[in-house]
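Topology and contacts: notes
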Amino acid sequence: MESCNCIEPQWPPDDLLMKYQYISDFFIALAYFSIPLELIYFVKKSAVFPYRWVLVQFGAFIVLCGATHLINLWTFTVHSRTVASVMTTAKVLTAAVSCITALMLVHIIPDLLSVKTRELFLKNKAAELDREMGLIRTQEETGRHVRMLTHEIRSTLDRHTILKTTLVELGRTLALEECALWMPTRTGLELQLSYTLRQQNPVGYTVPIHHPVINQVFSSNRAVKISPNCPVARLRPAGKYMPGEVVAVRVPLLHLSNFHINDWPELSTKRYALMVLMLPSDSARQWHVHELELVEVVADQVAVALSHAAILEESMRARDLLMEQNVALDLARREAETAIRARNDFLAVMNHEMRTPMHAIIALSSLLQETELTPEQRLMVETVLKSSNLLATLINDVLDLSRLEDGSLQLDLGTFNLYAVFREVLNLIKPIASVKKLHVSLNLAPDLPEYAVGDEKRLMQTILNIVGNAVKFSKEGSISITAFVAKLDTLRDSKAPEFLPVLSDNHFYLRVQVKDSGSGINPLDIPKLFTKFAQNQSTGTRNSGGCGLGLAICKRFINLMEGHIWIESEGLGKGCTAILIVKLGMPERVNESKLPYMPKMPTNHGQTAFPGLKVLVMDENGVSRMVTKGLLLHLGCDVTMVGSSDECLRLVSHEHKVVFMDICVPGLDSYGITIRIHEKFTKRHERPLLVALTGNTDKVTKENCMRAGMDGLILKPVSLDKMRSVLTDLLEHRVFFEAI
């Protein structure tokens, strides 16, 4: 007990508690006073905090709380009334600020929580934006690779280069260990290893095209991950590392038949190649989405490049074929032109050579006809003249048909008297008709223009041929010729839909109908009439003469005149009607008389001889020269003959009134001779009249003669009456150009 009473506490319990409270209040006040300093530092550093005044209010609250605890230190001992007043004031202020702060926090805390929510939302959006930016960068990188690969692939249009370049660029871009291309075989039942990245000469492995993995890839247009142990992926040597991931994608093999046009069917089935891409075996790398998209896009670009290459190959083959065809066509054209030139040269030579003896036959026959002959001799001479004229007509028909077929014949357009054409046809045909006792009538409509613009000679030749056929195939009865201006409703022929007449103010269509009471024609034989060298055998006129060229040439002449011709007949023994329509122009002035050649004037039959008329004849052919001399001597002319151009230039003088020259003289051509004669005789009245003798019937010959300054042109053969008419026109009008 005594020992226990000896131990006493150093501090009384109440004093110890007071001591602890005193120390605690001091530290509480110290802690409170440090908080405003920290808040001031935070406000200074946080420039984006939206509630600075709240922090100031909260700092005041803390300061007041600390001041209250600090003042409370003086309350542990006896304190004065002043201390009590200060303590009361501090507590009242602390209570007021505390309530205000509590009330403010009720409104501020939800706002602060929403700010936090927005902050989290913004953070999420920022993260999303970062991901999208990453995707965009990835897509840009993928697009850059695609453009690069596309440029490399399309830098050539060779299929082998395209496929090899694709593998090389994909291997470099995606860092592949191996890349291979399996192509379908010709049978289409297998895929054959055709190109690889690492192997220079890949062995031609084959895999059945109906393998499940291949069907899976071919059925999708996306890149498909396949097993590294698949037959198309077992290209790498076995190693200690796990094989990397393998992706396969189909490559469409586009052909021209794969492109549908309207409702055209697809001619061939779609075929695909297989591209296999392998990642390195010594890494844990996997395929990314953008890499798969890159592979898919490149596969499509390869398909397009291959299609372009196929189209180029097709176009190059077509170009080569077209070039070969063009070469062949050019060769054929050259051969045809050579043949045409050879034919024209042959016809020109034959024309001249045939007309020269014809000139002699007709001229001598006409001279013989002027002598005293027995009736039997006169009949034989007339037969010779008729046969010669028929042969001359045949020669003209053959030459005209030749030029019509090669397109070299052109119409000789000019203003002419249309009434005179019909009257001349009637005058030419009446003597033949009178022998057969046929009545020929001509009916011209009142509205038919007197003058027209066209080819007078071709029109007359056509009408004369048709009327001549009517006379030839009619034994008795009559022949009527009717001409009028065709109206639009009479122009159409249901049997000729290709004939499309067009009326205009400057043109009119002339319709001519020649009706006869002859033997008629079988309607089935009518289409054959316009075929060259074809004759109607059903009429019983096989021996009536002719070669079947007349109507064929007439039809071609009428086609050149933008017209139409046809024949109507009800049958054998019922006669027939030939109808032709031609397009003619209207002259600008009714009294226009400037023709491309001087028309033939009526022959002065009173003057039958030209005594003392000095004439010079230049002809290389001795027979032709003697025949022409005989005609001129019979007409009373004083004739000088020469056989060369030099001799002609030396002998011609102002005493010669007319110079006849063959325009086929060798050496100096006749056009040059004409010019030399013009130079020799500067005064027109002293210069002789220059007349060309020719066997050519083309328009160029006539134009050349007019251009050279010749005063006339005569087509061989020449009869006595024709020579008399030519000399009469030359002496009266000093110009004569025969319509050829």
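Every residue gets a number counted from 1 within its own chain, in the order that chain's sequence is written. Thresholds applied to this predicted model are a pLDDT of at least 70 for local features of residues and 80 or more for the giving and counting of side-chain atom pairs; totals over whole chains, interfaces and linings are not thresholded and use all residues. Think of the side-chain values as coming from all heavy atoms in the structure, minus any hydrogens and water.

1. Examining unusual backbone geometry
Leaving glycine out, the prevailing phi sign among residues is negative, and the prevailing peptide bond configuration is trans. Cut-off, in case you're wondering: Helix numbering and strand numbering both begin at the N terminus, where a helix is a DSSP run of H or I of at least 4 residues and a strand a DSSP run of E of at least 2.
Following Lys 716, the chain continues to Pro 717 via a peptide bond in cis, the omega torsion being 0°. Along the chain, the position of Pro 717 falls in the loop between strand S18 (712–715) and helix H17 (720–733). Look at Lys 437: it is not a glycine, yet its phi comes out positive at around 55°. Assignment of secondary structure puts Lys 437 in the loop between helix H9 (418–435) and strand S8 (439–444).

2. Some details on the packing of aromatic side chains
Let me state the cut-off plainly: Pairs were defined over the aromatic rings of Phe, Tyr and Trp, the Trp ring being its six-membered one, requiring ring centres within 6.5 Å. Orientation was assigned from the angle between planes: stacked under 30 degrees, edge-to-face over 60, tilted for the rest. Think of it in three bands: residues with accessible area under 20% of the maximum for their type are buried, residues over 50% are exposed, and the middle band is partly exposed, with areas taken using a 1.4 Å probe on protein chains only.
Considering all chains together, one arrives at 1 aromatic pair under this definition. Ring geometry for Phe 218 and Tyr 272: centres 5.5 Å apart, planes at 40°, overall tilted. Residue Phe 218 is located in helix H6 (residues 212–218), and its partner Tyr 272 is located in strand S6 (residues 271–278); the two are separated by 54 residues in the primary sequence. Tyr 272 shares its class with Phe 218; the two are buried.

3. Details of the nonpolar core
Rules: In these notes, a set of buried Ala, Val, Leu, Ile, Met, Phe, Trp, Tyr and Cys residues joined through side-chain atoms within 4.5 Å is what counts as a nonpolar core. Whether two residues are in contact is decided by their heavy atoms: any pair within 4.5 Å suffices.
Judged by nonpolar contacts, the single largest core of 42 residues is most densely connected at Leu 418, Leu 459, Leu 510 and Ile 567. Elements with a contribution of two residues or more to this core: H9, helix H10 (456–472), strand S10 (478–485), strand S11 (507–516), helix H12 (550–560), strand S12 (564–569) and strand S13 (576–585). Those residues in contact with Leu 459 that sit more than four places away from it in its chain are Phe 416, Leu 418, Leu 510, Met 561, Val 582 and Leu 584.

4. A short note on the packing of helix H13 (residues 622–634) against H17
To keep it simple, the criterion reads: Geometry is summarised by axes, namely lines fitted to C-alpha atoms with helices restricted to the contacting stretch, and by angles between N-to-C directions that run from 0 to 180 degrees. With respect to orientation, any angle under 35 degrees is reported as roughly parallel, any angle over 145 as roughly antiparallel, any angle of 65 to 115 as roughly perpendicular, and every other angle as oblique. By definition, turning the near helix anticlockwise from the far helix through less than a right angle yields a left-handed crossing, and turning it clockwise yields a right-handed one.
Where H13 contacts H17, the two axes come as close as 10 Å, and the packing angle between them is 65°. What the angle tells us is that H13 and H17 run roughly perpendicular. Judged by the twist between their axes, the crossing of H13 over H17 is right-handed. Here Thr 628, Leu 631, Leu 632 and His 634 of H13 lie close against H17, whose contacting residues are Leu 720, Met 723 and Leu 727.

5. Observations concerning the sheet that holds strand S5 (residues 246–253)
Under the convention used in this document: We treat two strands as partners when DSSP finds at least two bridges between them.
As summarised here, the arrangement of the 6 strands in space is S3-S2-S1-S6-S5-S4, forming an open sheet in which the pairing is antiparallel. Each of the sheet's edge strands pairs with one partner strand only, and the pair in question is strand S3 (206–208) and strand S4 (224–226). Taking the axes of each pair of neighbouring strands and ignoring which way they run, one obtains an average angle of 35° across the sheet. Of the pairings in the sheet, the one linking S4 to S5 comprises 3 bridges and is antiparallel in character. In the strand pairing of S5, Lys 225 is matched with Val 247.

6. Things to note about the environment of Ser 719
Looking at the element boundaries, Ser 719 is found in the loop between S18 and H17. Between the C-alpha atom of Ser 719 and that of Leu 385, which follows or precedes it by 334 residues, the distance is 9.5 Å. Beyond its immediate chain neighbours, meaning those up to four positions away, Ser 719 contacts Ile 362, Ser 366 and Leu 631.

7. Quick word on the environment of Thr 206
Secondary-structure assignment places Thr 206 in strand S3. Along the backbone, Thr 206 and Val 232 are 26 residues apart, and their C-alpha atoms lie at a distance of 8.8 Å.

8. Things to note about the pairing of strand S17 (residues 689–694)
With 6 of 6 residues buried, S17 is to be regarded as a mostly interior element. Going residue by residue along S17, you find Leu 689, Val 691 and Leu 693 tucked away on one face and Leu 690, Ala 692 and Thr 694 tucked away on the opposite face as well. Here strand S16 (residues 658–662) pairs with S17 via 5 bridges, running parallel. What sits directly across from Phe 660, in S17, is Val 691. Looking at chain direction, S17 and S18 are connected through 4 bridges and run parallel. Residue pairing in the sheet places Val 691 in a bridge with Gly 712 of S18.

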